[in-house]
Amino acid sequence: MRKFESYIVGYYGMQNTGDDALLAATILGAKRHFGHNKILVSSNETTVQFDESVVVSTLKSEPMFPGQNRLIHYMNALRSEQVIFGGGSVLHSARDLDLKRHLIALTANKKGFALGVGIEDFKTAEDELACMRFLNACTVVATRDAQSFEIAKKLAPNANIVEAFDLAPMLASVSSFNENICRRGVCINLCPLFINAMGSRDYLSEDKLISAIATAIQMVWEETKEPITLMSFNGHQHQSDEILLQRVYDLVSNTVPVKRIAYSQNPLKTLQQIKRFKIVMGMRLHFNVFAYLTGTPCISLNYHPKSEAWCKQIGKSERFQMNAFYCNTNSLIDATLSILRGEEKRTDTLPISTAVAKANSNWELSL
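Just so it is clear, the structure is predicted and the values come from calculations on it, not from any experiment.

A.B. asks: Would you take a moment to explain the sheet that holds strand E2 (residues 39-43) for this structure?
C.D. replies: Strand pairing in a sheet takes place through backbone hydrogen bonds and is either antiparallel or parallel in direction. Pairing within the open sheet is parallel, and its seven strands lie in the order E3-E2-E1-E4-E5-E6-E7. At either end of the open sheet lies a strand with only one pairing partner, and these are strand E3 (54-58) and strand E7 (161-163). Here the average twist between neighbouring strands, direction ignored, is 20°. Across four bridges, the pairing between strand E5 (residues 111-117) and strand E6 (residues 140-143) is parallel. When the sheet's bridge partners are listed, Ala114 is paired in E6 with Val141.

See below:
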């Protein structure tokens with residue numbers, strides 16, 4: 001028996017609340033469903049830990065030699081019985097996919113589980129071919145949405161691929177959100193409008209979105225005097241939500257009192273913060289997932305197919321979905337005020353208990 005029962009690999013330690021939540025859910029799933037107590041996690045920075053049974057292996061931000069991080073991964077896999085790739089859009093780069101496939105081969109049981117993962121269109125034929133090889137190498141691939149399932153099944157029809165759900169709803173069983181609380185205010189999350197995996201941004205659409213949000217804040221504050229909060233779900237220097245949120249703050253802070261909530265490494269703390277608002281509007285996928293889990297009415301500012309897929313899965317009303325690239329200010333204001341006035345109570349239809357069950361199905365289908 002090797003030292004670790006599971007080696008968990010993903011985009012962890014990148015100062016992104018969504019990835020932090022996926023890691024927390026993956027650790028929970030490995031413990032609860034696989035019965036594993038000796039877990040190794042790969043992380044780029046200090047990451048979430050719940051107890052001493054989770055060991056963190058930190059990759060080097062500045063490797064001493066080419067391939068050092070790859071070597072760390074290989075050594076970790078050799079010390080583990082199996083590898084779990086937990087959540088996120090992690091299946092797109094040939095270089096990364098080939099590494100993941102190598103990790104599976106190096107584990108004692110030659111098992112790899114890709115759970116709650118999303119798959120998008122590929123940039124090159126090489127990337128697509130690498131994904132096909134990876135899918136066929138996995139013991140189980142559980143996709144988080146129907147589109148990802150269709151792409152995966154078409155690419156590797158003989159692989160063990162199932163359609164499941166995002167992993168994050170598993171966190172609803174860790175913390176209680178059912179107690180009566182006094183909700184106040186509006187919380188807003190924005191992120192850069194990236195238009196491709198290379199980091200290119202649509203600056204013109206960002207300008208329009210910031211203007212629409214600032215106008216909505218002004219109008220909502222003038223009518224309701226509800227407190228306004230700007231929340232960051234990403235603290236990364238180059239991808240930080242603060243890039244856009246600071247611009248919104250500069251536009252409205254002279255006339256509207258605005259609070260700020262910075263990125264936190266603890267996703268459970270962030271969940272507790274979100275449940276205290278009357279309504280939220282946001283771009284980050286897991287900001288919207290957190291709102292759903294806490295029963296907080298949410299306007300989803302969709303900027304990516306994964307956001308649209310999530311809205312479809314939970315039955316979100318079209319009134320509470322906006323295209324972040326073409327955000328209509330009046331629609332945004334009307335939707336927000338309809339919640340604050342008590343005209344509408346919910347923005348989606350899927351029971352939270354169903355979402356939790358679907359999230360757990362990633363693991364149940366793997367047993």
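Now, onward.
A.B. asks: Looking at this model, I keep getting lost on the sheet that holds strand E10 (residues 258-261). Mind explaining?
C.D. replies: Sheet architecture is open: six strands sit in the order E10-E9-E8-E11-E12-E13, paired in parallel fashion. The sheet is open, and its two borders are formed by E10 and strand E13 (321-323), each paired with just one other strand. Averaged over all pairs of adjacent strands, the angle between strand axes in this sheet comes to 20°, irrespective of strand direction. The pairing of strand E9 (residues 228-231) with E10 spans four bridges and is classified as parallel. Directly across from Thr229, in E10, lies its bridge partner Lys259. Running over the sheet, helix H7 (residues 242-252) touches strand E8 (186-189), E9 and E10 and is turned about 165° from E10.

A.B. asks: Is there a simple way to think about the packing of aromatic side chains in this case?
C.D. replies: Two aromatic rings, taken as a pair, are described by how far apart their centres are and by the angle between their planes. On inspection of all chains with the given rule, the structure shows seven aromatic pairs. Arranged with centres 5.4 Å apart and planes meeting at 80°, the rings of Phe233 and Phe287 form a pair that is edge-to-face. Here the residue Phe233 occupies a position in the loop between E9 and H7, and Phe287 occupies one in helix H9 (residues 285-293), the gap between them amounting to 54 residues. A relative accessible area of 0% places Phe287 in the buried class. Among the aromatic residues, ring-to-ring pairing joins Phe34, Phe113 and Trp363 into one connected group. The aromatic ring of Trp221 is capped on one face by Lys225, whose charged end is 5.4 Å from the ring centroid. We note Arg260 situated over the ring of Tyr249; from NZ or CZ to the ring centre the distance is 4.9 Å.

A.B. asks: Sorry, what's going on with the pairing of strand E12 (residues 298-302) here?
C.D. replies: Regular strands place side chains that alternate from one sheet face to the opposite one. Buried residues dominate E12, accounting for five of its five residues. Covered by surrounding structure in E12 are Cys298, Ser300 and Asn302 together with Ile299 and Leu301, the residues of both alternating faces. Across three bridges, the pairing between strand E11 (residues 279-282) and E12 is parallel. Its bridge partner being in E12, Gly282 is matched across the sheet by Ser300. Handedness of the β-α-β unit built from E11, H9 and E12 comes out right-handed. Here E12 runs beside E13; their pairing, made up of three bridges, is parallel. Following the sheet pairing, Asn302 is matched in E13 by Asn323. As a crossover connection, the stretch from E12 through helix H10 (residues 305-314) into E13 is right-handed.

A.B. asks: Teacher, can you tell me more about the pattern of salt bridges here?
C.D. replies: Proximity of charged atoms lets side chains of opposite charge pair with each other. Evaluation of the coordinates by the stated rule reveals 13 salt bridges. For Arg144, the salt bridge identified is with Asp145, shortest N-O distance 3.8 Å. Like Arg144, the residue Asp145 is buried in the burial classification. One continuous salt-bridge network, built from bridges that share partners, spans Asp98, Arg101 and Arg133.

A.B. asks: Help me out: how do you make sense of the nonpolar core in this one?
C.D. replies: Among the nonpolar cores identified, the biggest contains 51 residues, and Ile8, Val41, Ile274 and Val280 are the most heavily contacted of them. It is helix H1 (residues 17-32) that contributes the most residues to this core, eight residues altogether. The contacts of Val280, once residues within four sequence positions are left out, are Cys187, Ile274, Phe287, Ala291, Thr296, Pro297, Cys298 and Ile299. One finds Val256, Phe320, Met322 and Leu332 within the second-largest nonpolar core, a separate group that totals 39 residues.

Basis of the calculations
Residues numbered from 1 in each chain as written. Predicted model: local features only at pLDDT ≥ 70, side-chain atom pairs only at ≥ 80, totals over all residues. Heavy atoms only, no water. Pairing = 2+ DSSP bridges. Helix = DSSP H or I, 4+ residues; strand = E, 2+ residues; numbered from the N terminus. Axes fitted to C-alpha atoms, helices over the stretch in contact; angles between N-to-C directions. Contact = heavy atoms within 4.5 Å. Phe/Tyr/Trp six-rings, centres within 6.5 Å; stacked < 30°, edge-to-face > 60°. Buried < 20%, exposed > 50% of the residue type's maximum accessible area, 1.4 Å probe, protein only. Lys NZ or Arg CZ within 6 Å of the ring centre and 35° of its normal. Right-handed = clockwise from strand over helix to strand, strands pointing away. Salt bridge = Lys/Arg side-chain N within 4 Å of Asp/Glu carboxyl O. Core = buried A, V, L, I, M, F, W, Y, C linked by side-chain atoms within 4.5 Å.

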